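# Tertiary structure, described
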Amino acid sequence: MKTQLNAGTVVTVLAVAGLLALPLYSALSGNIFVLTLFTRIVILALAAASLNLIMGYGGMMSFGHAAYLGIGGYAVGILAQEGIGSGFIQFPVALSASALFALVIGALSLRTRGVYFIMITLAFAQMAYYVASGLARYGGDDGLTIYKRSDFSGLINLSNRAQFYYFCLALLLATVFLIWRIVNSRFGMVVRGLRSNEQRMQAIGFPAKRYQLVCFVIAGTLCGLAGALLANNTDFVSPAVMYWTRSGDLMVMVILGGMGTLFGPVIGAVVYLLLEELLSQITEYWALIMGPLLLLIVLFGRGGIMGVLGRLSRG
Amino acid sequence: MLLVVEQILNGLQFGLLLFLLAAGLTLVFGIMDLVNLAHGSLYMMGAYFAATFVAWTGNFLLGALLALGATLVLGIVLEFTTLRHLYGRDHLDHVLATFGLILFFNEAVRLIWGPAGLALQLPDWLTVPVPILPGIHYPAYRLAIIAVALLVALLLYLGVMRTRVGMLIRAGASNREMIGALGINIKLLYTLVFGLGAALAGLAGLMQAPILTVQIGMGENILILAFVVIVIGGIGSIRGAFLAAILVGLIDTLGRAFLPNLLRQILSSAAASTAAPALSSMLIYLLMAIVLVVRPEGLFPAARR
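Computed from a predicted model, the values in this text were never measured in an experiment.

Bringing the overall build of chain B into the picture now. For chain B, the helix and strand inventory stands at eleven helices and two strands. Reading chain B from its N terminus to its C terminus gives the helix and strand order α-α-α-α-β-β-α-α-α-α-α-α-α. Taking 19 Å as the expected radius of gyration for a compact globule of 305 residues, we find that chain B reaches 20 Å, a close match to that expectation. Considered along the principal axes of its C-alpha atoms, chain B spans approximately 65 × 50 × 40 Å. Residues counted as buried form 49% of the 305 residues belonging to chain B.

This is how it looks when you write it as C-alpha cells:
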C-alpha cells in the first residue's frame, strides 16, 4: 500500500499515462483499431480489478466471475431489445441484477471454502450460462445483437469512439480508486484479516461471512458494470461471455498482473490482451505460445508482474 | 418402456464414462492435492490418438490399445516435465498453470490435426444391435463401453484396496511426509498415479470418440462434469466418484430425454421446448450446488484423515 518509488509504481504511472494519451495517438496516426482494442482492454481491466477485490484482498477464489459480465451485458441487451434505450435505466438495472446474483450465489457459496468454493462459483456461472443459452426470445445460443448503444441523453455519446473510451477509462480509474478506499477502510481491513486468519477474526468477534458477502457483492456489482460496458463495446452479447474459460481469462489477468495489488489487474489485463493480440498477428497458433507462457509465469513469476517488478527494484 | 430402458442404459453408459475421467481426477486431487484442469485435454488426446491409430492400423482394438499407451506416456511426460513442479503450490497456481496447458493442447491439436473434427469408424461387429430384453435392442458398442468401464472400475477398486501399490497410494493420500520418511519413493508413486489417471482419461476419450465427433475443446465440457462428479462424490473418494458419476450420468441423460415432455404438461409447448434444454443442462449444476450447501464434504466422502 505504501507509495514508494519502485519499478511497480513507475510502470503503473506509465501505463495510466499511456492509457490516457491513447486516443491522441489514435487520432494522430489514424489507427482506429487500436482504440477499439484498448476500449476492450480497459473494460476487461475493470472486470479483473473487481475480481482482484475478492480474490486478492478477500482470498475468495471465484471461478465464475465472468457470469457478471454476461448479466450486465444481458441487462443492457434485453432492455435495448424491449425498447428501453436509456443508459440511466440500463446501467442501474445491470448493476442491481449483478448485485442480486452475487448476493444469492455468495450467500450459498460462502458456506464452502477452498477448492469447493472455486467449484461452486464455477457451477453457478455455468448455470447462468445455460440460462442465457435458453433465452430463445433473446437469441439463445446465438446471442443478442444490440442495435443502439446505451443512450445517456446527450451527456456522453457512447457511439463516439473516443468518448466511449474515456468513459470506460474514467470508470476504471474510479473503480480502482474505490477499491483503494475499500481495502484501506476498516471494512477492508476486516476482509483482509479474514483472508489471513478467519478463525482468529471470528474469535475477535467479527461476523466473518457477512463481511465476505458484502465484499463479494461489491465485486460482482463492479463486474456487472464491466459487462454493461462490454456489451456496448461489441454491440452484442452472447452466452459465450459467461463461459468458464472467460472466468479463467479474468483469473489469469489478475494473477499475471499481481494478485492483491491495486493496479496489478489493470497491468495484467493490458499485458494479457496485448500479448494475445500480438501473438495472434504473428501466428494463427498464438495459444501454443501463450499456454506455456502462463505455465512459466506460475512456476517462476511469483506475485505476477507487480511481484517481479517489486523484487527488481529491491535489487 | 423401450425408451425408458434405453435412456437408463444411455445414462449408465455416460455415467461410467464420467467415472473413468473422475477417477483419475479424484486420485490426482486426493493424493497430490493437484487441481488439474488439463485432465480434459488428456481425454481429448486419447480420442485423437485413437482416431489416428485406428485409421493407421486399420484395426479398432489395436488402435485403441496404442492410443491408451500413448495417453499413458503423454501423462507421464506431462507430470515429469511440468506438473510435479506444482505440487505443494497454491490451488490457484494449479488452476492457472493447467489453464495454460489447455490452451497449449487445444492449439497443438489444431496445428497437428487441423481445425476440423475427426470421425472414428467402428468395426462392423460393434455396430450390431444386441437384444437385451425381449423386443428391446441396444447397440453393441454402448454395451461394450459399459462392460469395459465396469471392469476398469473393478480393477481400480481391487488395485487400490487390495494391492501393495494401492496401499502405498492410499498411504500417500493420508500422509505424504510419513510415507516418504518410511523410504517409499513418493515421486515415482506420484508419477505412476498421474500416468494412471491420464490413461483412464484417455480410455474415456477413445471410447467416447466413435459416439461423438473428435474435436478441439471436447475435453472442456466433460472436464467440468467430471469436477461436478468428484465434488458431489467427495474429493479423493473413488467409491464416491463411482456413485456420483452414475448419479450425474443418469440425471443428465434422463433430464435431457424426459424433461421436455414433463414441462410440456405444465407450460405451453413453445415455452417448454425453449426452457427444457437450458433446464436439463442446469440440473447437475443445481445438484452440485445443493450438495455443496447441504453437505460440503460430498455425499460419499473419503475416510476421515
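Before going further, it helps to examine the overall build of chain A. Along the backbone of chain A there are 13 helices and two strands. Over its C-alpha trace chain A gives a radius of gyration of 19 Å, about what one expects of a compact globule, namely 20 Å for 315 residues. Taking the principal axes of the C-alpha coordinates as reference, chain A spans close to 55 × 45 × 40 Å. Restricting to contacts in chain A with at least 6 residues of sequence separation, those with at least 24 account for 77%.

It is worth spelling out helix α3 (residues 60-81) of chain B at this point. All names here are of chain B. Taking 1.5 Å per residue, 22 residues should reach 32 Å; α3 reaches 31 Å between its end C-alpha atoms and fits that length. Residues of α3 that are buried include every one of F60, G63, A64, A67, L68, A70, T71, L72, L74, G75, L78 and E79, and no others. Tucked inside the fold, the buried residues of α3 contact α2 (39-57) and α8 (186-208).

Residues and elements named next belong to chain B. Secondary-structure assignment places N10 in helix α1 (residues 2-32). When the 21 C-beta atoms within 10 Å are taken as the criterion, N10 is described as buried. Along the primary structure N10 and T253 are separated by 243 residues, whereas in three dimensions their C-alpha atoms are 6.9 Å apart.

This part is about the environment of L250 of chain A. Residue and element names in this part refer to chain A. Structurally, L250 is set in helix α10 (residues 244-257). Assessed through the 29 C-beta atoms surrounding it within 10 Å, L250 is described here as buried. Counting along the chain gives 43 residues from L250 to L293, while the straight-line C-alpha distance between them is 16 Å.

This part takes up the interface of chain A and chain B. Counting residues at the interface gives 34 residues for chain A, matched by 38 residues for chain B. Secondary-structure elements contributing two or more residues to the side of chain A that touches chain B are α5 (115-133), α10 and α12 (287-300) of chain A. With twelve residues, the top contributor of residues to the side of chain A that touches chain B is α5 of chain A. In terms of residue class, the side of chain A that touches chain B is built from 26 nonpolar, seven polar and one charged.

Moving on, we come to the pairing of strand β2 (residues 136-139) of chain B. All names here are of chain B. Pairing of strand β1 (residues 129-133) with β2 involves four bridges; the strand directions are antiparallel. Note that in β2 the partner of P129 across the bridge is P139. The antiparallel hairpin formed by β1 and β2 contains two residues in its connecting segment, where G135 sits at a positive phi of about 85 degrees.

Okay, the confidence of the model for chain B next. On average, chain B scores 87 in pLDDT, and the residues at 70 or more come to 98%. Here the complex is predicted with pTM 0.85, and the ipTM for its interfaces comes to 0.78.

Turning our attention to the environment of R113 of chain A. Residue and element names in this part refer to chain A. The residue R113 is located in the loop between α4 (87-109) and α5 in this model. Judged by the 14 C-beta atoms lying within 10 Å of it, R113 is partly exposed. Here the alpha-carbon distance between R113 and M60, two residues 53 residues apart in the chain, equals 8.1 Å.

All names here are of chain A. Their axes nearest at 9 Å, the elements helix α3 (residues 66-81) and α5 cross at an angle of 30 degrees. Looking at the two axes, α3 sits roughly parallel to α5. Note that α3 runs across α5; the crossing there is left-handed. Each of A66, A67, G70, I71 and Y74 in α3 lies in contact with α5, whose residues at this interface are F124, A125, A128 and A132.

A few words now on the packing of helix α2 (residues 32-57) of chain A against helix α11 (residues 264-282) of chain A. To characterise two packed helices, one gives the angle between the axes of the helices and the distance between these axes. All names here are of chain A. At their nearest, the axes of α2 and α11 sit 8 Å apart, and the two run at 140 degrees to each other. Judged on the interaxial angle alone, α11 and α2 are oblique. In this structure, the crossing between α2 and α11 has a hand that is right-handed. Counted together, L37, R40, I41, L44, A45, A48, A49, L51 and N52 of α2 and G264, P265, V266, G268, A269, V270, L273 and E277 of α11 form the full contact between these two elements. Considered class by class, the residues forming the contact of α2 with α11 number twelve nonpolar, three polar and two charged.

On to unusual backbone geometry. One can expect most non-glycine residues to show negative phi and most peptide bonds to be in trans. Residue and element names in this part refer to chain A. Even without being glycine, S153 reaches a positive phi, approximately 35 degrees. Tracing the chain through its elements places S153 in the loop between β1 (144-145) and α6 (161-183). Using a count of 9 C-beta atoms within 10 Å as the deciding quantity, one classes S153 as exposed. Its identity as a non-glycine residue notwithstanding, D235 has a phi of 55 degrees, on the positive side. Following the sequence through the fold, D235 ends up in the loop between α9 (208-234) and β2 (236-237).

The subject of this paragraph is α6 of chain A. All names here are of chain A. Its 23 residues place the ends of α6 33 Å apart at the C-alpha level, agreeing with the 33 Å of an ideal helix rising 1.5 Å per residue. Listing the buried residues of α6 in full gives F164, Y165, F167, C168, L169, L172, T175, V176, I179 and V183. Contacts made by the buried residues of α6 are with α1 (7-29), α2, α7 (186-196), α9 and α11.

Calculation notes
Residues numbered from 1 in each chain as written. Chains lettered and ligands numbered in written order. Predicted model: local features only at pLDDT ≥ 70, side-chain atom pairs only at ≥ 80, totals over all residues. Helix = DSSP H or I, 4+ residues; strand = E, 2+ residues; numbered from the N terminus. Rg over C-alpha atoms; globule rule 2.2 N^0.38 Å. Buried ≥ 20, exposed ≤ 12 C-beta atoms within 10 Å, placed from the backbone. Contact = placed C-beta atoms within 7 Å. Expected span 1.5 Å × (residues − 1). Nonpolar A, V, L, I, M, F, W, Y, C, P; charged D, E, K, R; others polar. Pairing = 2+ DSSP bridges. pLDDT = per-residue confidence, 0-100. Axes fitted to C-alpha atoms, helices over the stretch in contact; angles between N-to-C directions. Parallel < 35°, antiparallel > 145°, perpendicular 65-115°, else oblique. Left-handed = near helix turned anticlockwise from the far one by under 90°.

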